[in-house]
Number of protein chains: 2
Amino acid sequence: MGGDHGPSVTLPACKAFLDSHAEAELLLVGSPGALAPATDWQRCTLITASQVVTMDDTVETALRRKRDSSMRVAIEQLKANEAGNVAADVCVSAGNTGALMAVSRYLLKTMDGIDRPAIAAFMPNMKDQYTCVLDLGANVDCTAEHLLQFAVMGGALVTATEGRAEPVVGLLNIGEEVIKGSEVIKRAGELLRTVASQGHLNYFGNVEGDDIFKGTADVVVCDGFVGNVALKSNEGVAKMMKAMIRQEFERSVFTKLAALLAMPVLRRFQSRVDPRRYNGAALLGLKGLVFKSHGGADAFSFGQALIRAHDAARNRLLDGVHDAIVDTMQALPPTGGESVPQAA
Amino acid sequence: MGGDHGPSVTLPACKAFLDSHAEAELLLVGSPGALAPATDWQRCTLITASQVVTMDDTVETALRRKRDSSMRVAIEQLKANEAGNVAADVCVSAGNTGALMAVSRYLLKTMDGIDRPAIAAFMPNMKDQYTCVLDLGANVDCTAEHLLQFAVMGGALVTATEGRAEPVVGLLNIGEEVIKGSEVIKRAGELLRTVASQGHLNYFGNVEGDDIFKGTADVVVCDGFVGNVALKSNEGVAKMMKAMIRQEFERSVFTKLAALLAMPVLRRFQSRVDPRRYNGAALLGLKGLVFKSHGGADAFSFGQALIRAHDAARNRLLDGVHDAIVDTMQALPPTGGESVPQAA
C-alpha cells in the first residue's frame, strides 16, 4: 500500500517478480480492494489489513492508532510462532521510513549484540559496483560501539546481497590520518583496528566522502546524520547535473539534433547512474529482515528492492549478521566493548 | 608558493588579475627565485620569505619551525601596525588548509563575538547561483552558538561577494521538522529562530542535503565534519558522473562521432559544473580576511579565488561580519547566548 504510488506500482512489480523467481512465494498485505487484481496469482497469498500508514503519519500514529495497518501486519509475518516458524522471511515496504523502522523495532526487537538498528543502502561507484553506506538516518547520535556494530552489519549485508566475502570496511572521516575526526570517530577507529587486528573484520581505515564513489571500501560507516546528509546531497548533485545536461541539449534546434545523435550514449550513461537500479535499503540489526523501497519508486525500481530483499533472505542475511556480531564480540573484552584498551 | 603547482600557476593568475583590475595592488610573498618573473610588474610589491609550508607539513611545523614561511609572512601583512594601518586587505593562499587556518588564527586572532573561525565555500545550484556552505572542516564538534555564528558570518560573506542583501539562511538537518536532528542542531534551530524573529537574520528553517543544490537557501550551516563529508562526497559524485559520460562517449567509433557532434553542448554543461569557476573558500571569523584556493587549482581557477577575495575586501567583508555579529548579539541575552530561553 505504501510509497507515492501504492498498489499501481507495487502490484505490477510483484507480478513480474513472481514470474522471474519460480521458487519465490509472496504474501501481499493491504486493503481487499487493492489486492483484488492478485486474487488468482500463483504462489501468492493475500492478507488483508484495514488501515494504511501514510507518508505523513507520525511514528506515534503508526504505532498506537494503526494497529491493523498493512505495514504492521506485514512486519508481523516475520515474527516466529510458538513452533519457531515464520510466515515470511523478509518484508519489503515503500512506506514511511520512520514508521517502518519504529514498527519493525517494536514488533521484532533488536538482535542480541546490537544496540541500535541502522539503515543501509547502496550507492554506485566508479568500479561499477555498489558501496554500502550506513547508517542513513536511523541514529542521529552514535557511539563508537554503534559504529563498530554498523561495520559488522554492513559487511554481512554486502556478503549476502553482493556476494563479496570479507568485504572491506571504511570509517567515514574528514581525513586519512587516525588523529582526524571527533572523539567518537577516533574511538570507533580504535575499536575497528582492534577487531581487525584479530582477523574478525577487513578494515581499510578512514575514508573520505569521495571514497564512497571511488569504491575504496565495500562498506562505509558513519552516523545517521552524516549519512543522511551525504545521501541527500549526493542525490541533489546528481539531479542537478542531469537537469543541466538536459537543459543544454534542449537549448536550440542544433543542440536537439545533437541530443538525437547522442541519445544511445546518453541512455547508457543514464542507466549507469539510475538510482532505480540500486533501490532497496536494509533495516539491519532487527530479529527479522525488513527492506525499504524508495517512496517514489516505479514498478521497475520496486522490483529491484524485491530482488535485493529476496537475495538477502535466500543468502541468510539474518544468520550472517548474527554470526558476524558473535564473532566480532570475541575480539572485544567481556564488558561489551565499553572499555576497550587504546590501540597502540 | 602554495598548492600543487606553486608559482607556475599562481604567478600567471596574478598577472592576469592585475591586468583586469586596474585599481588593485598585489603583494607577492615567496622565495626570491620564484618571484623573479614579477620584478617589473606594475602595482606589485615583492616580499621575500625563506621558507615554504608544504602540503604535508603538520600544523606544529607550520607554526613553530617555519616562522619565515611565505604563508606566515603573507598573513602578517593583514596585521595592523601601531597606527592601525594594514599592508594588505586580504590574503589568498593555495597552500595547506590546516596550516593556513592555524597560522591565521595564531597571528590574526578570532574576532570579538566569534568563538571559532569557520571555512566557507560556494557550491553551484539549479538557480545558476551559488550556495554558501559552512563550516567545511575547521570545526569537528560544534555547539549551537557556533552554528549561529556560522550563519551570521556566511550571510555577511554572501552579501559581500554575491551582492545579495539579507541572504536566506538554512540549517542543514535530516528533515524539515523542527524536532529533527541532534540536540545541538535542535538548539541551533531555536537560536536561529529567536534571532530571526527579531529581524536580525533571514532564517528559512531546516534544509536537507539536496537543498544545497536546489538553491533553497543562500547560506547552509553545518558543523565541519558534516560539511566536509558533504563537500567531498559531492565532488566524488560529480567526478564519477563526468568520468562515466566520458567513458560512454569513448566506447566506439560511433559514440566518438556522437561526442564530436555533441561537443559544444557538453562543453557548456561542463562549464556550468566546473569547480574551477567557484574556487576560493573564505576563512571567516578572524581579524583579517584570508581566502583559500583549492590546492590543485590551475591559473584560471586561482584567478577566480583572487577575484572573490578582491570582491570580499572591496565590499568590506570584515566590517560586514563584525557588524552582523554585533547586531545578532542584541537578539540574545547578555550571557552571550549560552542560556537562551527555549523558543515557544
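This structure is a prediction, so every number in the text was calculated from the model and none was measured.

(A) Main features of the pairing of strand β6 (residues 168-172) of chain B. All names here are of chain B. Counting buried residues in β6 gives 4 out of 5 residues, a clear majority hidden from the surface. In the sheet, β6 pairs with strand β7 (residues 202-207) via 5 bridges, with the strands oriented parallel. Within β7, the position partnered with V169 by the bridge is Y203. Of the crossover connections in this fold, the one passing from β6 over helix α7 (residues 183-197) to the parallel β7 is right-handed.

(B) Expanded view of the pairing of strand β10 (residues 289-292) of chain B. Residue and element names in this part refer to chain B. Along β10, one buried face is formed by L289 and F291 and the opposite face, lined by V290 and K292, is buried too. In terms of strand pairing, strand β3 (residues 90-93) meets β10 through 4 bridges, oriented parallel. By the bridge assignment for β10, V90 is matched with L289. Both strand β9 (residues 281-284) and β10 contribute to a ladder of 3 bridges, which runs antiparallel. Residue pairing across strands places A282 opposite F291, the latter belonging to β10.

(C) Representation of the nonpolar core in the model. Within the largest apolar cluster, 194 residues are counted, with the highest numbers of intra-cluster contacts made by F249(A), L317(A), F249(B) and L317(B). Contact partners of F249(B), with chain neighbours within four places excluded, come to A262(A), V265(A), L266(A), T255(B), K256(B), A258(B), A259(B), A262(B) and L266(B).

(D) Fine view of the interface of chain B and chain A. With 51 residues of chain B in contact, the opposing surface of chain A contributes 50 residues. Of the roughly 4,700 Å² buried where chain B meets chain A, counting both sides, 77% is carbon and sulfur surface. The interface formed by chain B and chain A contains 6 salt bridges. Across the contact surface, chain B and chain A share 12 residue pairs in polar contact (both at pLDDT 80 or more). Contributing elements (two or more residues each) for the side of chain B that touches chain A: α7, α8 (211-214), α9 (224-249) and α10 (253-272) of chain B. A total of 21 residues in the side of chain B that touches chain A trace back to one element, the largest contributor, which is α9(B). When its residues are assigned to classes, the side of chain B that touches chain A shows 27 nonpolar, 13 polar and 11 charged.

(E) Broad picture of the relation of the copies chain B and chain A. The two copies are related by a screw operation: chain B maps onto chain A through 180° of rotation and 0.0 Å of translation along the axis, at an RMSD of 0.0 Å. Expressed as a symmetry operation, the mapping of one chain copy onto the other fits a two-fold axis. A shared interface surface links the copies, since 98% of the contact residues of chain B are contact residues in chain A too.

(F) Structural context of the sheet that holds β9(B). Residues and elements named next belong to chain B. The 8 strands lie next to each other as β3-β10-β9-β4-β5-β8-β6-β7, forming an open sheet whose pairing is mixed. For this open sheet the edge positions go to β3 and β7, each flanked by a neighbour on one side alone. Direction aside, neighbouring strands of the sheet carry axes that sit 25° apart on average. Each of β3, β4 (118-124) and β10 touches helix α11 (residues 299-314); the most contacted strand, β3, lies at about 165° to it.

(G) Structural context of the packing of helix α9 (residues 224-249) of chain A against helix α10 (residues 253-272) of chain A. All names here are of chain A. Interaxial distance between α9 and α10 falls to 10 Å at its minimum, and their mutual angle equals 155°. Looking at the two axes, α9 sits roughly antiparallel to α10. Note on element contacts: α10 touches α9 through T255, K256, A258, A259, A262, L266, F269 and Q270, opposite K242, I245, E248 and F249. Its residues assigned to classes, the contact of α9 with α10 shows 7 nonpolar, 2 polar and 3 charged.

(H) Representation of a nonpolar patch on the surface within the structure. A surface patch of nonpolar side chains, about 620 Å² in accessible area, is lined by L257(A), L260(A), L261(A), L257(B), L260(B) and L261(B). If you list the elements that add at least two residues to the nonpolar patch, you get α10 of chain A together with α10 of chain B. Assignment of secondary structure puts L257(B) in helix α10.

(I) Summary view of the sheet that holds strand β8 (residues 219-221) of chain A. Residues and elements named next belong to chain A. The mixed open sheet is built from 8 strands, whose spatial order is β3-β10-β9-β4-β5-β8-β6-β7. Edge strands, defined here as strands with exactly one partner in the open sheet, are β3 (90-93) and β7 (202-207). Strand-to-strand twist in this sheet, taken as the mean axis angle between neighbours without regard to direction, amounts to 25°. Bridge count for strand β4 (residues 118-124) against strand β9 (residues 281-284) is 3 bridges, and the pairing is antiparallel.

(J) Up close: α10(A). Across its 20 residues, α10(A) extends 27 Å between first and last C-alpha, which sits within 8% of the 28 Å expected from 1.5 Å per residue. At A262(A), α10(A) is bent by approximately 65°, the largest bend along its length, and proline P264(A) sits one to four residues beyond. Within α10(A) the residues assigned to the buried category are T255(A), A258(A), A259(A), A262(A), V265(A), L266(A), F269(A) and R272(A). Structurally, α10(A) contributes buried residues whose contacts are with β4 and α9 of chain A together with α9 and α10 of chain B. The backbone nitrogen of F254(A) lies 3.3 Å from a side-chain oxygen of the residue at the head of α10(A), namely S252(A).

(K) Spatial organisation of the side chain of K292(A). All names here are of chain A. For K292, the location among the structural elements is in strand β10 (residues 289-292). Among buried Asp, Glu, Lys and Arg side chains, K292 stands out as unpaired, with D4 the closest opposite charge at 8.0 Å. Contacts of K292, omitting those with residues within four sequence positions, involve S93, A94, G95, N96, T97, L100, N279, G280, A281 and L283.

(L) Main features of the pattern of salt bridges. Within this structure, the stated rule accounts for 36 salt bridges over all chains. Ionic pairing is found between D19(A) and K15(A), a salt bridge with its closest N-O pair at 3.1 Å. Taken as a pair, D19(A) and K15(A) lie in helix α1 (residues 7-20) at a separation of 4 residues, close to a single helical turn. Taking the relative accessible area as the measure of exposure, K15(A) reaches 31% and is therefore partly exposed. A salt bridge links R164(B) to E162(B), with the shortest nitrogen-to-oxygen separation between them at 3.5 Å. With relative accessibility at 14%, the residue R164(B) sits in the buried group. The structure contains a network of salt bridges with shared partners spanning D128(A), R268(A), R272(A), E248(B) and R251(B).

(M) View of unusual backbone geometry. Residue and element names in this part refer to chain A. Following L134, the chain continues into D135 via a peptide bond in cis, with omega recorded as 0°. For D135, the location among the structural elements is in the loop between β5 (130-134) and α6 (144-162). Positive phi is not limited to glycine here, since R43 has a value of about 50°. With respect to the helices and strands, the residue R43 is situated in the loop between α2 (32-35) and β2 (44-48). With a relative accessible area of 33%, R43 lands in the partly exposed category.

(N) Quick look at the environment of S271(B). Mapped onto the fold, S271(B) is located in helix α10. Judged by its relative accessible area of 35%, S271(B) is partly exposed.

(O) Quick peek at the state of the cysteines. All names here are of chain A. Tallying each qualifying case throughout the model produces 0 disulfides over all chains. Here C132 is not disulfide-linked; the sulfur of C222 is the nearest cysteine sulfur, at 9.9 Å. Judged by its relative accessible area of 0%, C132 is buried. No disulfide involves C142; its nearest neighbouring cysteine sulfur is the one of C222, lying 8.4 Å away.

Rules used throughout
- Residues numbered from 1 in each chain as written.
- Chains lettered and ligands numbered in written order.
- Predicted model: local features only at pLDDT ≥ 70, side-chain atom pairs only at ≥ 80, totals over all residues.
- Heavy atoms only, no water.
- Buried < 20%, exposed > 50% of the residue type's maximum accessible area, 1.4 Å probe, protein only.
- Helix = DSSP H or I, 4+ residues; strand = E, 2+ residues; numbered from the N terminus.
- Pairing = 2+ DSSP bridges.
- Right-handed = clockwise from strand over helix to strand, strands pointing away.
- Core = buried A, V, L, I, M, F, W, Y, C linked by side-chain atoms within 4.5 Å.
- Contact = heavy atoms within 4.5 Å.
- Buried area = accessible area lost by both parts, 1.4 Å probe.
- Salt bridge = Lys/Arg side-chain N within 4 Å of Asp/Glu carboxyl O.
- Polar contact = N/O pair within 3.5 Å; in protein donor to acceptor, adjacent residues only side chain to side chain.
- Nonpolar A, V, L, I, M, F, W, Y, C, P; charged D, E, K, R; others polar.
- Least-squares fit on C-alpha atoms with pLDDT ≥ 70 in both.
- Axes fitted to C-alpha atoms, helices over the stretch in contact; angles between N-to-C directions.
- Parallel < 35°, antiparallel > 145°, perpendicular 65-115°, else oblique.
- Patch = residues over 30% accessible without salt bridge, like charges linked within 9 Å, V, L, I, M, F, W, Y side chains within 5 Å.
- Areas by Shrake-Rupley, 256 points an atom, 1.4 Å probe, with all protein chains shown as cover.
- Expected span 1.5 Å × (residues − 1).
- Bend = angle between axes of the 7 residues up to and from the residue.
- Lys, Arg positive; Asp, Glu negative; His and termini not counted.
- Disulfide = S-S within 2.5 Å.

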